Amino acid sequence: MISKEELLKITGGDLTSGMLNALARGLSTLTDLGRALGSAIRRMVSGKICPIP
């Protein structure tokens, strides 16, 4: 049987599912921002920007 002191010394599980989910969402957001920026640059270079009314 493990004593109470030994139980308190056990470490592990540093990476939780919540942290993994947040990391995945962050990477997805960065990818979406990169696509939007790339599209904006491509439209500016090609001159196909809609005029502001």
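Placed above this text is the structure.
The shown structure was predicted, so the numbers you read here are calculated from the model rather than taken from an experiment. (Residues numbered from 1 in each chain as written. Predicted model: local features only at pLDDT ≥ 70, side-chain atom pairs only at ≥ 80, totals over all residues. Heavy atoms only, no water.)

**Q** I'm lost on the overall build of the protein in this one. Help?
**A** Helices and strands together make up the secondary structure of the protein, namely 2 helices and 0 strands. For 53 residues, the compact-globule formula gives about 10 Å, and the C-alpha radius of gyration of the protein, at 24 Å, lies well above that figure. Principal-axis analysis of the C-alpha atoms places the extent of the protein at approximately 75 × 20 × 10 Å. Taken as a whole, the protein presents about 5200 Å² of accessible surface, with 66% of it coming from carbon and sulfur. Charge separation in the protein, taken as the distance between the mean sites of 7 positive and 4 negative side-chain charges, equals 24 Å. (Helix = DSSP H or I, 4+ residues; strand = E, 2+ residues; numbered from the N terminus. Rg over C-alpha atoms; globule rule 2.2 N^0.38 Å. Areas by Shrake-Rupley, 256 points an atom, 1.4 Å probe, with all protein chains shown as cover. Lys, Arg positive; Asp, Glu negative; His and termini not counted. Charge placed at Lys NZ, Arg CZ, Asp CG, Glu CD.)

**Q** Explain the environment of Lys4 here, please?
**A** Within the secondary structure, Lys4 sits in helix H1 (residues 4–9). Lys4 gets classed as exposed once you look at its relative accessible area, which sits at 64%. (Buried < 20%, exposed > 50% of the residue type's maximum accessible area, 1.4 Å probe, protein only.)

**Q** Just to check I follow, could you spell out helix H2 (residues 17–46) for this structure?
**A** In an α-helix, one turn spans 3.6 residues, which is why side chains three or four residues apart end up on the same side. With 30 residues, H2 ought to run about 44 Å at 1.5 Å a step, and its terminal C-alpha atoms sit 43 Å apart, in line with that. A positive phi of about 80 degrees marks Gly47, the residue just after H2. (Expected span 1.5 Å × (residues − 1).)

**Q** Can you help me understand a nonpolar patch on the surface in this one?
**A** Residues Leu15, Met19, Leu20, Leu23, Leu27, Leu30 and Leu33 make up a contiguous nonpolar surface patch of roughly 730 Å² in combined accessible area. Tracing the sequence through the fold places Leu27 in helix H2. (Patch = residues over 30% accessible without salt bridge, like charges linked within 9 Å, V, L, I, M, F, W, Y side chains within 5 Å. Salt bridge = Lys/Arg side-chain N within 4 Å of Asp/Glu carboxyl O.)

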